[in-house]
Amino acid sequence: MTELPEFHELTLPNGFSYKQPTGLFINNKFVPSIKKETIDTIDPSNGEKICSVYAASEEDVDVAVKAAKDAFKTTWRHTSGSDRGRLLVKLSELCERDTDKLAAIEAIDSGKPFEQNAKGDIGELYNVLRYYGGWADKVHGQTIPVDDNKLAYTVHEPYGVCGQIIPWNYPLCMLSWKIGPALAAGNTIVLKSAEQTPLSALYLCNLVVEAGFPAGVVNIISGLGPVAGSALSTHPLVSKIAFTGSTAVGQIIQKAASSNMKAVTLETGGKSPLVIFEDANLEQAVKWAAFGIFFNSGQVCTSNSRVLIQEPIYMKFIEKLKECIDSDYKQGLPFGDDTVMVGPQVSKQQQDRILKYIEIGKKEGAKVFTGGYKVTDDEVLAKGYFVKPTIFYDVTPEMTIFKEEIFGPVVSCIPFKTEEEAIELANDTLYGLAAALFSKDITRAHKVARELEAGMVWINSSNDSDFRVPFGGVKMSGIGRELGEYGLTNYTQTKAYHVNLGLKL
Ligand code: NAD
């Protein structure tokens, strides 16, 4: 039990000073958790504590869900689509106005390089909110011709209260992917941020109030997964749960949701292949392969962590990939150098996990071409959770590093001979989030793309994401889609009406 101040006065390394809220954001107010439990949040670039915030218990989740339920009944379900849209667009504008502030908070809490990475995330945040603001007055059903002088039509209704659980790798982007479509469709929300990165979402709550959202529509809580996340996914008043994170927790949430048959969308893990045929533009393939595994320190669910290369260009590609890391993926602190591309991993736990996988890879016989260790040769970076970008080659499909999601800057390179072999290797995984392929032969590219078991395929590119285009996976990478119109559909349920227009009794 710890009493925290309502705000911490923080000054970030780029000189930005602000008041960091500590409370749970319920009914448009920051409140302490009932049991006064807290979590510490750590700067991953140096291992130092930034501050503590309140952590929600099961009782706090109950209060937040009831606030969301009341707001749904009394205000939000009667708020027109145009007004919901206006509020979302206003929130988007405020986020754009505060880009540098939000990016600085994101950078300190998650370790993202401020200039090259965190600022881009804020662009994603306000673009997604604006996009769904535009959808809010376009949520409608169909009129369906039927026989017997009857009229049949559908309406797309909101679920009511949506529970939303997000990870630490893209705190504000994931928040926008969740709250944007949910609010546009007329739901109220309780969102739990990741315990590693609670700060930016709490700051954003100030903007929710400034935008003019009615109390209780948006509720954002910090807290631990097995406590607050679990309470949210089992709460009987929550009608829909949306989750992004590990496959293991996704499975727990799916089970928990069955208690009251919540609708579920899951965006879980991946082990995405990137296939390079010998006729590919090699420079292009190298550029995108590097982006797809080293950006965001490899902490991306769609990262192309398995690169399959046709034999004649195998070693040439690997050499060029290393050159690309050396020239384009400078590792460093999140602030102070605008050219830094690769920051630390988000936590000591993630750093240890990645290093463990690297050791397993070596033990199982994969060869390290570059990297393969924790950064210790730089006195400043040694304090943080940095892992050197790593290329493994001569990886085989039986190896653990081929199979399991590492979630770090570690790529496994595997040679293949034929198109059939490439497809087999690419699909040899429990996951099915994304896949990329490089070839100048447009017929082959489309033919192979059709065979790849993935929710998204990039041709001559990798890791594109656009708020207008659906995002999500097949197999154990998830259920449902986020972004685009498909993402909106996942936040409504269809109600059918039959009207007797005749005199038939
Ligand atoms: P995680 O799945 O444990 O956490 C994600 C979110 O789920 C967090 O908000 C967490 O508090 C919550 N959570 C945890 N346990 C819960 C439970 N029992 N009930 C309800 N909510 C719960 O992920 P992690 O431990 O932070 O990371 C572990 C691995 O997950 C990573 O290495 C990576 O493989 C994967 N991951 C994937 C993504 C993605 O975008 N798909 C994002 C982050 C992590």
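Residues numbered from 1 in each chain as written. Predicted model: local features only at pLDDT ≥ 70, side-chain atom pairs only at ≥ 80, totals over all residues. Heavy atoms only, no water.

1. So, the nonpolar core
Most often, soluble globular proteins keep nonpolar side chains buried together rather than apart. Counting residues in each nonpolar core, the largest one holds 112 residues, and the members touching the most others are Phe213, Ile276 and Phe317. Of all the elements, helix 4 (residues 114–135) adds the most residues to this core, at 10 residues. Sequence-distant contacts of Phe317, defined by excluding residues within four places in its chain, comprise Ile276, Leu282, Ala285, Val286, Ala289, Val307, Ile309 and Cys413. Membership of the second largest hydrophobic core comes to 29 residues, among which are Val395, Val410, Val448 and Leu452. (Core = buried A, V, L, I, M, F, W, Y, C linked by side-chain atoms within 4.5 Å. Buried < 20%, exposed > 50% of the residue type's maximum accessible area, 1.4 Å probe, protein only. Helix = DSSP H or I, 4+ residues; strand = E, 2+ residues; numbered from the N terminus. Contact = heavy atoms within 4.5 Å.)

2. With respect to the domain arrangement of the chain
Under the domain assignment, the chain is made up of domain 1 (7–268 + 481–493) and domain 2 (273–466). At the junction of the two partners, domain 1 supplies 30 residues and domain 2 supplies 29 residues. Across the domain 1 to domain 2 interface the summed buried area is about 2300 Å²; carbon plus sulfur atoms make up 60%. If you sort the residues of domain 1 by the area they bury against domain 2, Ser45, Gln116 and Trp168 come out on top, with a joint share of 24%. Inspection of the domain 1/domain 2 interface yields zero salt bridges. At the junction of domain 1 with domain 2, the criterion picks out eight residue pairs in polar contact (both at pLDDT 80 or more). Listing elements by their share of the side of domain 1 that touches domain 2, those giving two or more residues are helix 3 (99–110) and helix 4. Looking at the side of domain 1 that touches domain 2, the element that brings in the most residues is helix 4, giving five residues. A breakdown of the residues in the side of domain 1 that touches domain 2 according to their chemical character gives 12 nonpolar, 13 polar and five charged. (Domains from an automatic or database assignment. Buried area = accessible area lost by both parts, 1.4 Å probe. Salt bridge = Lys/Arg side-chain N within 4 Å of Asp/Glu carboxyl O. Polar contact = N/O pair within 3.5 Å; in protein donor to acceptor, adjacent residues only side chain to side chain. Nonpolar A, V, L, I, M, F, W, Y, C, P; charged D, E, K, R; others polar.)

3. What to know about the pairing of strand 1 (residues 7–11)
On a regular strand, each side chain points to the face opposite its neighbour's, so the side chains alternate between the two faces of the sheet. A one-sided burial pattern is seen for strand 1, the buried positions being His8 and Leu10 and the unburied ones Phe7, Glu9 and Thr11. Between the end of strand 1 and the start of strand 2 (residues 17–21), which pair antiparallel, lie five residues, with Gly15 showing a positive phi angle near 90 degrees. (Pairing = 2+ DSSP bridges.)

4. Things to note about the environment of Ala382
As for its position among the elements, Ala382 is in the loop between strand 16 (367–370) and strand 17 (390–393). The exposure class assigned to Ala382 is partly exposed, which follows from its relative accessible area of 31%. As for Ala382 and Gly47, which are separated by 335 residues in sequence, their C-alpha atoms are 9.8 Å apart. Residues within four places of Ala382 in sequence aside, it is in contact with Val375 and Thr376.

5. Some details on the site of the ligand
For the ligand, the set of nearby residues contains 27 residues, the closest of which are Trp168, Glu195, Ser246, Arg353 and Glu405. A distance of 2.8 Å separates an oxygen atom of the ligand from a polar atom in the side chain of Lys192. A distance of 2.6 Å is found between an oxygen atom of the ligand and a side-chain nitrogen or oxygen belonging to Ser246. Taken by itself the ligand offers 810 Å² of open surface, and the protein chains cover 90% of this. Comparing atom positions with the cavity grids shows the ligand to sit within the largest pocket. Looking at the shell around the ligand, the elements with two or more residues in it are helix 7 (225–234), strand 12 (238–244), helix 8 (247–257) and helix 11 (348–363). For the shell around the ligand, the element with the most residues is helix 7, which contributes four residues. Considering only residue class, the shell around the ligand consists of 11 nonpolar, 11 polar and five charged. (Near = heavy atom within 4 Å. Areas by Shrake-Rupley, 256 points an atom, 1.4 Å probe, with all protein chains shown as cover. 1 Å grid on protein atoms, 1.4 Å probe; cavity = no way out; pocket = protein on both sides within 12 Å on 5 of 7 lines; lining within 4 Å. Sits in = over half its atoms within 2 Å of the grid points.)

6. Notes on the UniProt feature "domain: Aldehyde dehydrogenase" (unreviewed entry) in the chain
In this structure's numbering, the residues bearing the UniProt feature "domain: Aldehyde dehydrogenase" (unreviewed entry) are residues 33–496. Across residues 33–496, helical content stands at 41% and strand content at 20%; the span's end C-alpha atoms are separated by 42 Å. (UniProt positions renumbered as here; feature names shortened; annotations may be inferred.)

7. Focus: the environment of Glu278
Relative to the helices and strands, Glu278 is located in the loop between strand 14 (273–276) and helix 9 (282–294). Glu278 sits 142 residues away from Ala136 along the chain, and the two C-alpha atoms are 47 Å apart.

8. What to know about the packing of helix 3 against helix 6 (residues 199–211)
Running from amino to carboxyl end, helix 3 crosses helix 6 at an angle of 160 degrees, the nearest separation of the two axes being 8 Å. As summarised for this structure, helix 3 and helix 6 are arranged roughly antiparallel, according to the angle between their axes. As helix 3 runs across helix 6, the sense of the crossing is right-handed. Contacts from Lys101, Leu102, Ile105, Glu106 and Asp109 of helix 3 reach helix 6 at Leu199, Ser200, Tyr203 and Leu207. Class assignment of the residues belonging to the contact of helix 3 with helix 6 gives a composition of five nonpolar, one polar and three charged. (Axes fitted to C-alpha atoms, helices over the stretch in contact; angles between N-to-C directions. Parallel < 35°, antiparallel > 145°, perpendicular 65-115°, else oblique. Left-handed = near helix turned anticlockwise from the far one by under 90°.)

9. A closer look at helix 11
The first and last C-alpha atoms of helix 11 sit 22 Å apart over 16 residues, in line with the 22 Å expected at 1.5 Å per residue. Here helix 11 has its buried residues at Gln350, Gln351, Ile354, Leu355, Tyr357, Ile358 and Gly361. For helix 11, the angular spread of buried residues about the axis comes to 155 degrees, placing them on one side. Those residues of helix 11 that are exposed and aimed more than 90 degrees away from the buried face are Gln349, Lys356 and Lys363. Against the buried residues of helix 11 lie strand 17, helix 12 (400–403) and strand 18 (410–416). Following helix 11 by one or two positions, Gly365 adopts a phi angle in the positive range, close to 105 degrees. (Expected span 1.5 Å × (residues − 1). Arc of directions from axis to C-beta.)

10. Quick notes on the sheet that holds strand 8 (residues 150–158)
Taken in spatial order, the three strands line up as 7-8-24 in an open sheet, and their pairing is antiparallel. On the outer flanks of this sheet lie strand 7 (143–145) and strand 24 (492–500), each paired with one strand and no other. Recorded for the sheet is a direction-independent mean angle of 25 degrees between the axes of neighbouring strands. With three bridges joining them, strand 7 and strand 8 adopt antiparallel strand pairing. Of the residues in strand 8, the one forming a bridge with Ile144 is Ala152.

11. Digging into the sheet that holds strand 20 (residues 434–438)
In space, the seven strands of this open sheet follow the order 16-17-18-15-14-20-21, with mixed pairing throughout. Each edge of the open sheet is held by one strand with a lone partner, namely strand 16 and strand 21 (456–459). Adjacent strand axes in the sheet meet at a mean angle of 25 degrees, parallel and antiparallel pairs treated alike. As paired strands, strand 14 and strand 15 (residues 306–310) are joined by four bridges and run parallel to one another. Bridge pairing links Leu274 to Val307 in strand 15.

12. Looking at the pairing of strand 5 (residues 38–43)
Side chains Ile39, Thr41 and Asp43 of strand 5 all project onto a buried face; the interleaved residues Thr38, Asp40 and Ile42 project onto a face where none is buried. Pairing analysis gives six bridges linking strand 5 to strand 6 (residues 48–54), with the strands arranged antiparallel. When the sheet's bridge partners are listed, Asp40 is paired in strand 6 with Ser52. The hairpin turn running from strand 5 into strand 6, its antiparallel successor, is four residues long, and Gly47 in that turn takes a positive phi close to 75 degrees.

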